[in-house]
Number of protein chains: 2
Amino acid sequence: MVADKINKVSIVGGTHGNEFTGIYLVEKWQQQPQLIARDGLTVETVFANPKAHGENKRYIDSDLNRQFASKDLADATLANYEQSRAKVLHQHLGPKDAPNSDFVIDLHNTTSNMGPCLLLVQQDPVYNLLAGYLKMKMPEAVIFRDEDHLAKDQHHLLASCGRFGVIVEVGPQSQSVIRQDVFEQMETMTGHILDFIQLYSDDALPELPKQVEAYLYLESLTLPVDEQGRRTAMVHSRVQDHDFEAIHPGDPIFRSFNGEDISYQGEKVVYPAFINEAAYYDNNLAMSLMEKVTIKVYGD
Amino acid sequence: MVADKINKVSIVGGTHGNEFTGIYLVEKWQQQPQLIARDGLTVETVFANPKAHGENKRYIDSDLNRQFASKDLADATLANYEQSRAKVLHQHLGPKDAPNSDFVIDLHNTTSNMGPCLLLVQQDPVYNLLAGYLKMKMPEAVIFRDEDHLAKDQHHLLASCGRFGVIVEVGPQSQSVIRQDVFEQMETMTGHILDFIQLYSDDALPELPKQVEAYLYLESLTLPVDEQGRRTAMVHSRVQDHDFEAIHPGDPIFRSFNGEDISYQGEKVVYPAFINEAAYYDNNLAMSLMEKVTIKVYGD
């Protein structure tokens, strides 16, 4: 392996204004930058959407973490608050074709019971190594491949602005609160990622496991609605809080408000994530469905 | 016991626009009124703050469930959205000195791990009987005396508009989601309360336990802050999710963002509730502290 020099790392909090953990961690690290300092790296912190946080909302006008597709960044008529803020952040972290930031770590919370998750949103051998390193250091971490087949230009996520980029997603945590367990998991995972980046950049990684388990996003499942578009059912209690546990064809997946079970109609075993995530109600999403996959740590 | 005739019962959902369970239950019962019908009673449903629900917020301008003190209801200069809406609801459910509604049941959710709770906000022998009946039918229910010493005129809660009034408070549930377990607990508890009201009104209550355990509100505890008013600590993980479990003097209660424990400085054992409730961050509240008390079911 030839060392791939990393210079600039950007840790981003508050991309969603009511996901508090990243915001509080960024504030902590601004006061104590030695905690995120690593030899050979320049590590900065970025508070992505302070205006939304000031109003204690996910966003002001539209979801900031959906504004980073290259065609949208190039469209000056997309001018609401988050569309404008995205262009500024893209100038700072990117631009995508020649990024200022070598590695973006974007910190998020979910209301779902997903534990500490690393979301990989692009494909490159570095992510396979990172997955192996993280699972070795933090076995409880879940590796989540989130539409990582998309080209960088198409990706609408903030993390796609950097040369490399990942999302740290930790839950369950209600919007607008801080839980100690979630705070510590996010701090720990971010520390491991910084350690990895330094070791990777210095070509000094230890021996890693040959392969690790991961989950690959397949599709989103919507909540059942009636002809007027009103919800008629909720996530089944057998599924609620059971993120990453198998759902088999025919398993109950929703419960109607009248008490009837609705079963999963798919043809193969899937693994749910973002179950009953509060922020996804805007789009009436009940959960993401994933398949279990293996990442070859030293693979392409 | 002389029968105390109850005619009109009002079930209120959506006093807080992002507490979904009561809103969805009220909608269900509007479509299927037979589910809440009880012989001899007129049972209505009220959607208290549809505007806040439309914006998926707790409130538009100020907390609706703090606007019902008689002096505020009489003050025409208090004219923001919720202050206006409170006056309309008070005309409908109250007025406090001659209420249209004999019994108000106000449905709420909390992000705290409180389970199904009945909040008693006034004192009267009927609440003692209700506490006994509910604990007999639903032993997992928690009875919570919430500043029930206050006179009806002073009370700023919506439930104080009726001749009698209680709050059904069920969690944990993130704001703006529906959980099946919470939905079923709220539906079950509300059904028991309706059954109780009918039996009470008909002087047909069964034999009840002589006494039941309850928790009495003492005070609220705020999160530690620095000189600039910024939070410096979070609820300790040993306390998080442990609503209604004893805290002893000296027990760790907060953890600073730098990893130091902060212990409880009180002089007697207390029981926490509303631990890390998202809606209370506005006022920087960490939890309510309660004492354990006994309710004499047949007492005054």
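Note that the structure is predicted; figures quoted are calculated from it, not measured.

## A look at the overall build of chain A
No. 1: A tally of helices and strands in chain A yields six helices and twelve strands.
No. 2: Computed over its C-alpha atoms, the radius of gyration of chain A comes to 19 Å, within 12% of the 19 Å expected for a compact globule of 300 residues.
No. 3: Here the C-alpha coordinates of chain A stretch approximately 60 × 45 × 35 Å along the principal axes.
No. 4: Across the 300 residues in chain A, those meeting the buried criterion constitute 58%.

## Examining helix H4 (residues 81–93) of chain A
In an α-helix, one turn spans 3.6 residues; hence positions three or four apart end up facing the same way.
Residue and element names in this part refer to chain A.
No. 1: Given a rise of 1.5 Å per residue, 13 residues ought to cover 18 Å, and the 18 Å separating the end C-alpha atoms of H4 matches this to within 8%.
No. 2: Among the residues of H4, those classed as buried are Glu82, Gln83, Ala86, Lys87, Leu89, His90 and Leu93.
No. 3: For H4, the elements touching its buried residues are strand S1 (8–13), strand S2 (42–47), helix H2 (50–54), helix H3 (70–73) and strand S3 (103–109).
No. 4: A side-chain oxygen of the first residue of H4 lies 3.1 Å from the backbone nitrogen of Glu82; this N-cap is Asn80.

## Topic: the sheet that holds strand S8 (residues 233–235) of chain B
Residue and element names in this part refer to chain B.
No. 1: Spatially, the three strands line up as an open sheet ordered S8-S9-S10, and their pairing is antiparallel. Only two strands of the sheet have a single partner each, and these edge strands are S8 and strand S10 (261–263). The mean inter-strand angle of the sheet, taken between neighbouring strand axes irrespective of direction, is 35°.
No. 2: The pairing of strand S9 (residues 252–256) with S10 spans three bridges and is antiparallel. When the bridges of S10 are listed, Pro252 appears paired with Ser263.

## A word on the packing of aromatic side chains
Residue and element names in this part refer to chain B.
No. 1: Counted by the stated rule, this structure contains 26 aromatic pairs over all chains.
No. 2: Ring geometry for Phe144 and Phe274: centres 5.7 Å apart, planes at 70°, overall edge-to-face. Placement of the pair is Phe144 in strand S5 (residues 142–145) and Phe274 in the loop between strand S11 (271–273) and strand S12 (285–296), with a sequence separation of 130 residues. Taken as a pair, Phe144 and Phe274 share a single burial class, namely buried.

## A short note on the nonpolar core
No. 1: Counting residues in each nonpolar core, the largest one holds 67 residues, and the members touching the most others are Phe103(A), Ile105(A), Ile193(A) and Met287(B).
No. 2: The dominant element in this core, judged by the number of residues it contributes, is helix H6 (residues 180–201) of chain A, at nine residues.
No. 3: Excluding residues within four positions of it along the chain, Ile105(A) makes contact with Val9(A), Ser10(A), Ile11(A), Val12(A), Val166(A), Val168(A), Ile193(A), Leu194(A) and Ile197(A).
No. 4: Ile253(A), Met138(B), Phe196(B) and Tyr200(B) belong to the second-largest nonpolar core, a separate cluster that totals 66 residues.

## Overview of the sheet that holds strand S9 (residues 252–256) of chain A
All names here are of chain A.
No. 1: Taken in spatial order, the three strands of this open sheet run S8-S9-S10, and their pairing is antiparallel. At either end of the open sheet lies a strand with only one pairing partner, and these are strand S8 (233–235) and strand S10 (261–263). The sheet shows a mean angle of 35° between the axes of neighbouring strands, taken without regard to direction.
No. 2: Summarising the sheet, S8 and S9 pair through three bridges and their orientation is antiparallel. Paired with Met234 across the bridge in S9 is Arg255.

## Structural notes on the interface of chain A and chain B
No. 1: With 33 residues of chain A at the interface, the matching set in chain B holds 33 residues.
No. 2: Regarding the contact of chain A and chain B, the summed buried area is about 2700 Å², with carbon and sulfur atoms giving 47% of it.
No. 3: Contact with chain B buries surface across chain A, with Gln180(A), Met234(A) and Phe257(A) losing the most and accounting together for 22% of the total.
No. 4: Inspection of the region where chain A meets chain B yields four salt bridges.
No. 5: Among the ionic pairs, Glu27(B) bridges to Arg230(A), the shortest N-O distance being 3.7 Å.
No. 6: One can count 15 residue pairs in polar contact (both at pLDDT 80 or more) joining chain A with chain B.
No. 7: Put simply, the parts of the chain that give the side of chain A that touches chain B at least two residues each are helix H1 (20–31), H6 and S8 of chain A.
No. 8: Considering each element in turn, the side of chain A that touches chain B owes the most residues, five residues, to H1(A).
No. 9: The residue makeup of the side of chain A that touches chain B, split by class, is ten nonpolar, 13 polar and ten charged.

## Some thoughts on the packing of helix H5 (residues 125–137) of chain A against H6(A)
Residues and elements named next belong to chain A.
No. 1: Remark: H5 packs on H6, axes separated minimally by 10 Å, with the N-to-C direction vectors making an angle of 130°. Classified by the interaxial angle, the pair formed by H5 and H6 is oblique. In this structure, the crossing between H5 and H6 has a hand that is right-handed. When H5 is examined against H6, the residues Val126, Leu129, Leu130, Tyr133, Leu134 and Lys137 are found in contact with a partner set consisting of Met189, His192, Ile193, Asp195, Phe196, Leu199 and Tyr200.
No. 2: Tallied by class, the residues present in the contact of H5 with H6 amount to ten nonpolar, one polar and two charged.

## Examining the pattern of salt bridges
All names here are of chain A.
No. 1: Per the counting criterion, the structure on display carries 38 salt bridges over all chains.
No. 2: Note that Asp226 and Arg230 form a salt bridge whose closest N and O atoms lie 3.2 Å from each other.
No. 3: Classification of Arg230 by relative accessible area gives partly exposed; the value is 35%.
No. 4: Salt bridges here are not isolated pairs; linked through shared partners, they connect Asp4, Asp102 and Arg163.

## Section: the environment of Phe20(A)
No. 1: Examined against the element boundaries, Phe20(A) turns out to sit in helix H1.
No. 2: Judged by relative accessible area, which is 4%, Phe20(A) ranks as buried.
No. 3: In contact with Phe20(A), not counting residues within four places along its chain, are His53(A), Asn56(A), Asn109(A), Gln173(A), Ser176(A), Val177(A), Ile178(A), Arg231(B) and Tyr281(B).

## Here we look at the confidence of the model for chain A
No. 1: When the pLDDT values of chain A are averaged, the result is 96; 99% of them are 70 or greater.
No. 2: In the predicted complex, the global pTM is 0.95; the interface-specific ipTM is 0.93.

## Observations regarding the relation of the copies chain A and chain B
No. 1: Under the fitted operation, chain A is carried onto chain B by 0.0 Å of movement along the axis and a turn of 180°, and the coordinates agree to an RMSD of 0.0 Å. Here the two chains are linked by the operation of a two-fold rotation axis. Within chain A, Ser174(A) has its C-alpha nearest the rotation axis, a separation of 2.6 Å.
No. 2: Both copies present the same face, since 100% of the interface residues in chain A are matched by interface residues at the equivalent positions in chain B.

## Focus: unusual backbone geometry
No. 1: Here the amide bond leading from Gly94(A) into Pro95(A) is cis, since omega sits at 0°, within 30 degrees of zero.
No. 2: Looking at the secondary structure, you find Pro95(A) in the loop between H4 and S3.
No. 3: A cis geometry characterises the amide bond from Gly171(B) onward to Pro172(B), with omega recorded as 10°.
No. 4: The phi angle at Glu147(A) is positive, at roughly 50°, despite the residue not being glycine.
No. 5: Structurally, Glu147(A) is set in the loop between strand S5 (142–145) and strand S6 (164–171).
No. 6: Despite not being glycine, Asp203(B) shows a phi value in the positive range, around 55°.
No. 7: Here Asp203(B) is to be found in the loop between helix H6 (180–201) and strand S7 (211–222).
No. 8: The class for Asp203(B) is partly exposed, based on a relative accessible area of 36%.

Reading the values: rules and limits
Residues numbered from 1 in each chain as written. Chains lettered and ligands numbered in written order. Predicted model: local features only at pLDDT ≥ 70, side-chain atom pairs only at ≥ 80, totals over all residues. Heavy atoms only, no water. Helix = DSSP H or I, 4+ residues; strand = E, 2+ residues; numbered from the N terminus. Rg over C-alpha atoms; globule rule 2.2 N^0.38 Å. Buried < 20%, exposed > 50% of the residue type's maximum accessible area, 1.4 Å probe, protein only. Expected span 1.5 Å × (residues − 1). Contact = heavy atoms within 4.5 Å. Polar contact = N/O pair within 3.5 Å; in protein donor to acceptor, adjacent residues only side chain to side chain. Pairing = 2+ DSSP bridges. Axes fitted to C-alpha atoms, helices over the stretch in contact; angles between N-to-C directions. Phe/Tyr/Trp six-rings, centres within 6.5 Å; stacked < 30°, edge-to-face > 60°. Core = buried A, V, L, I, M, F, W, Y, C linked by side-chain atoms within 4.5 Å. Buried area = accessible area lost by both parts, 1.4 Å probe. Salt bridge = Lys/Arg side-chain N within 4 Å of Asp/Glu carboxyl O. Nonpolar A, V, L, I, M, F, W, Y, C, P; charged D, E, K, R; others polar. Parallel < 35°, antiparallel > 145°, perpendicular 65-115°, else oblique. Left-handed = near helix turned anticlockwise from the far one by under 90°. pLDDT = per-residue confidence, 0-100. Least-squares fit on C-alpha atoms with pLDDT ≥ 70 in both.

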